[in-house]
Amino acid sequence: QVQLVESGGGLVQAGGSLRLSCAASGSIRSINAISWYRQAPGKQRELVAIIASGGSTNYADSVKGRFTISRDDAKNTVYLQMSSLKPEDTAVYYCNAVGSFRYAYEYWGQGTQVTVSS
């Protein structure tokens, strides 16, 4: 079992910054990658950023250069630093973990709301 808890969402002005946190617990040694997804009302959930256990990262084109995904192994936490925020970044942001512990698995956090005002 893996538990994920997101935090750090809120209301921010366009051009501002926000840092989201994803705290992981449980069988964290089995996690292969942590991703951030987002879903705006009426839109499909989309991948924002991913960090693999080896440290490699990838980003959606829409956030490349503005968002940074990182992790703090001592705190078992993955961060999403968001800067130069735009109204179109408004969404519920979800943390996702994939890995394998006897079986492959995928877990989701409860989400945290990010609202960017123009």
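Above this text sits the structure in question.
So, a few notes on the structure that sits alongside this text. Here the structure is a predicted model, which is why all the values come from computation and not from measurement.

What to know about the pattern of salt bridges
Opposite charge on two side chains allows them to pair when their charged atoms are near. Applying the stated criterion across every chain yields a total of 5 salt bridges. With a closest N to O distance of 2.9 Å, Arg38 and Asp89 form a salt bridge. Taken together, the positions of Arg38 in strand β4 (residues 31-39) and Asp89 in the loop between β8 (77-82) and β9 (91-101) put the pair 51 residues apart, joining distant regions of the chain. Each member of the pair, Arg38 as well as Asp89, carries the same accessibility label: buried. Ionic pairing is found between Asp61 and Lys64, a salt bridge with its closest N-O pair at 3.3 Å. The exposure class of Asp61 is exposed, given its relative accessible area of 67%. Through salt bridges that share partners, Arg38, Glu46, Arg66 and Asp89 make up one connected network.

Focus on the nonpolar core
Core analysis: the biggest nonpolar cluster contains 29 residues, and Trp36, Leu80, Met82 and Tyr93 have the highest contact counts within it. Of all the elements in the fold, those that place two or more residues in this core are β1 (2-7), β3 (18-26), β4, β5 (46-52), β7 (67-72), β8, β9 and β11 (112-117). If we ignore the near neighbours within four places in the chain, the residues touching Leu80 are Leu18, Arg19, Leu20, Trp36, Val48, Ala49, Phe67, Thr68, Ile69 and Tyr93.

Cut-off values and rules
Residues numbered from 1 in each chain as written. Predicted model: local features only at pLDDT ≥ 70, side-chain atom pairs only at ≥ 80, totals over all residues. Heavy atoms only, no water. Salt bridge = Lys/Arg side-chain N within 4 Å of Asp/Glu carboxyl O. Helix = DSSP H or I, 4+ residues; strand = E, 2+ residues; numbered from the N terminus. Buried < 20%, exposed > 50% of the residue type's maximum accessible area, 1.4 Å probe, protein only. Core = buried A, V, L, I, M, F, W, Y, C linked by side-chain atoms within 4.5 Å. Contact = heavy atoms within 4.5 Å.

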